[in-house]
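Results of the structural survey
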Amino acid sequence: MSFYKITMERVIVSMQDPDMGMKMRNQRLLITVIPHAMTGRDIVDWLIQKYTITEEEALHIGNFLVKYGYIYPLKEPRNLCLKQDETPYRFQTPYYWTSTRWPASELDYAIYLAKKNIRKQGELIEYEKECYNALHKRINHTWDFVVMQAREQLRASKQRRKADRIVLECQEQAYWLINRPPPGVMDILEQGPDRRNVANTRVQLVSGQMLAIFVKYCEQYQDHDPIMQGCLPSNPWITDDIMYWNMNSETVTMPTKLRVERWSFSFMELLNDPLGRKELLTYLEKEFSAENLCFWQACEEVRHGEASKIAAKVDEVYKQFLAPGASRWVNIDSKTMEKTLEGIKHPHRFVLDDAQMHIYFLMKKDSYPRYLKSELYKNLLAKAIVPQETKKSVFPFMRRQRHSSPSPALVTQTAEDNGKAKPSAAKANAGTASQI
Amino acid sequence: MCDQTFVAITFGPCDSCSQNKPLMNIYLQNEPVNYCSLCVELMACQGLAKGETVSTLRAESENLKAKLEEERAKLHDVELHQVAEKVETLGQFVIKTRRTLKGHGNKVLCMDWCRDKRRMVSSSQVIMRSAAVCVLQEHAVTMPCTWVMACAYAPSGCVIACGGLDNKCSVYPLSLDKNENLAAKKKSVAMHTNYLSACSFTNSDMQLLTSSGDGTCALWDVESGQLLQSFHGHSADVLSLDLAPSETGNTFVSGGCDKKANVWDMRSGQNIQSFETHESDINSCRLYDLRADREVAIYSKESIIFGASSVDFSLSGRLLFAGYNDYNINVWDVLKGTRVAILFGHENRVSTVRVSPDGTAFCSGSWDNTLDFNPV
């Protein structure tokens, strides 16, 4: 069962609370007086007051209460929405709640339509007539029962007071408007494919000491969060100006200051940025330890590459980095080296993990901190760009044309083509389009 | 195959009591045997030592649990918002929808950003690749099944993966020619025994992680379609997954209908950690700390009646965007636990919310057939 029903019913129950609930009054409907009704305005006001929310949110919630059938309108029953005025509404009886009677049965619907048909010939509207005929065909074997039930229910209802009868008819009608919506109206009860749910009742509500680390992370990255602080020169989604993306692309010659600063947050940040990785490689080359980064990268390719190429790649790695006298021999402790060499005899995706980890932490603990203190990094940081802010254009006719950027697929294709000098470059460019 | 829902039942003489009954195939000390259910029960109880009964063991287990909670409480715990007291409060945000994609004629079920930060793939019954910035639909592929609940962009930007009620995850290479029939190049990679709920590429185009309504997650080699690892542990449908941005790059988390969020080691297939929530508080978003191994914050409000279908963090982790079944998106201040904005843009439930890779915008897809893009 969907749990939103539990929560909605909680709201409904508190609305009907004798002390803190809604003030209800009698409502005149044509010549009859209906008791326990309330106005749309009262509903919205009560929700605002009870949950300390805005009018917009209260109206939104109120609309759901009507759409799911917990409250129904008295005057225009087919118009299932909450109007924030004197329009009268009433609480639906729990008998007809979607949680108690769902899914609605075909038999019940047939009886309902039969009642309508008998009570007043021609009262069924178009789609109801179609449903009625379809049901007549489908459950024809029960039709005597359907008609008999319909007659019995009509007879019983005639013995009620007029006000009660009208109320019951309204309740029943509201129920069916939701469970059998007319064509064109959204089916509010649609849930999507069935899911298997399992209930668990263990409570685990204890907090920890690591929270300070998370708070620090948020603070550190706050300036880098475009949604929080904006971004310079401007957010492309707002101004249609893609300078921000151009200035931060992978192949830029001079990066922005924020980007270079971010490399100092963690070793992972430096490695994840292709430009950062390139800078690190340059630094390591000066220190004659570039093979570490290359080894790490080669291991990544083994781990994330095609299964069929693993053996070949591992062999390459061995020849280049691990074999005695290899051109780019990496310095791993003897125990790890022994284990890795043994493992290479039966290569699999994770065979280089231990060695890779060793080198990773070596770089992290040693090379990385030194890089951050190096002249190379400091110079780059000093020269890095701080973009000027460009404000959003006030005049609509100055709005920029929106262009589609080159597709990543185009980039790789062009790289392949460059080696073959194809004349189809112009055709490839037609794949990108501009849109005003 | 990722199948844990079949229980092979044969009928015949029980190996223990020799009576003709429905048999369960079990393993005793690595030997397969066929016992009837009564004999299985009796055998399970034989594990009890002298003087023990099921009830005494249960009592001992409860005792140990209580001791564990006691020890945890001794660690002088505080709540997240208390630690975050000194952090500046956020003002109310004004978030506007900047672009709307209306090409889907059906409920939008899922979307994923390309690493180029401006393209995305979205799925309904049709998979659409769009350049979101200029609202340009570039490709559309009609799928044979009506509910395509998962779609993902590969890191290279050259390939997309998707699946749903067809129980499969298929991979499509993207081409530049708009008229080319992408469906012809489709390649089936993953096979589950129930619907596919989520898929994601790992750090490369070559490996695909999937989760399914059959209660399992699986890791596949894209090129060969081979199953590399399967992850069993959920007792109901698994609905979503996300990879961890860790240094060793080996873990991911999955969320299921059994109200558990499980953390897995991709290499061994083991379930490393598990987080459960209480049944009555389903309409809330919760934050769990992996190192502290506990829940640290709840984001909920009495006025929120419906559950959240999809969440994503802003780049700094300070903001949490959550799409709900009441058609709204609520934006939470993760540290303070308060709500900073509501967005009323959709006309049906929000099915997916994702922040762009550089954090400049977030996209929401909805059952009202549209996708909205919102920066501040």
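Rules used throughout
- Residues numbered from 1 in each chain as written.
- Chains lettered and ligands numbered in written order.
- Predicted model: local features only at pLDDT ≥ 70, side-chain atom pairs only at ≥ 80, totals over all residues.
- Heavy atoms only, no water.
- UniProt positions renumbered as here; feature names shortened; annotations may be inferred.
- Helix = DSSP H or I, 4+ residues; strand = E, 2+ residues; numbered from the N terminus.
- Buried < 20%, exposed > 50% of the residue type's maximum accessible area, 1.4 Å probe, protein only.
- Pairing = 2+ DSSP bridges.
- Axes fitted to C-alpha atoms, helices over the stretch in contact; angles between N-to-C directions.
- Expected span 1.5 Å × (residues − 1).
- Contact = heavy atoms within 4.5 Å.

A few words now on the UniProt feature "repeat: WD" (unreviewed entry) in chain B. Residue and element names in this part refer to chain B. The feature "repeat: WD" (unreviewed entry), as given by UniProt, occupies residues 189-230, 231-274, 310-342 and 343-376 in the numbering adopted here. Summarising residues 189-230: 0% helix, 60% strand, and an end-to-end C-alpha distance of 14 Å. The span residues 310-342 carries 0% helix and 58% strand; its end-to-end C-alpha distance comes to 15 Å.

What follows is about the pairing of strand β24 (residues 319-324) of chain B. Residue and element names in this part refer to chain B. With 6 of its 6 residues buried, β24 lies for the most part within the structure. Because side chains alternate across β24, one face comprises the buried residues Leu319, Phe321 and Gly323, and the other comprises Leu320, Ala322 and Tyr324, equally buried. Pairing geometry for strand β23 (residues 308-313) and β24, over 5 bridges, is antiparallel. The residue bridging Phe313 from the neighbouring strand is Leu320, located in β24. In this structure, the hairpin formed by β23 and β24 is closed by a connection of 5 residues, where Gly317 is found at a positive phi of approximately 85 degrees. Where β24 and strand β25 (residues 329-333) come together, 5 bridges link them in antiparallel fashion.

So, about the sheet that holds strand β4 (residues 99-101) of chain B. All names here are of chain B. The strand order across the open sheet built from 4 strands is β4-β29-β28-β27, with neighbouring strands paired in antiparallel fashion. Each edge of the sheet is formed by a strand with only one pairing partner; in this case those strands are β4 and β27 (350-355). Across the sheet, the mean angle separating the axes of adjacent strands is 15 degrees when strand polarity is ignored. Two strands pair when backbone bridges link them, and strand β28 (residues 362-366) and strand β29 (residues 371-374) are joined in this way by 4 bridges, in the antiparallel orientation. Looking at β29, one finds that Ser364 is bridged to Asp372.

With that settled, the discussion passes to the side chain of B:Thr202. Mapped onto the fold, B:Thr202 is located in the loop between β13 (196-201) and β14 (207-212). Under the relative-accessibility criterion, B:Thr202 is labelled buried at 3%.

Here the focus is helix α4 (residues 106-119) of chain A. Residues and elements named next belong to chain A. Spanning 14 residues, α4 covers 20 Å between terminal C-alpha atoms, matching the ideal 20 Å at 1.5 Å per step. Along α4, the residues that are buried comprise Tyr109, Ala110, Ile111, Tyr112, Leu113, Ala114, Lys115, Lys116 and Asn117. On its buried face, α4 is in contact with α5 (126-138), α6 (143-158) and α7 (162-179).

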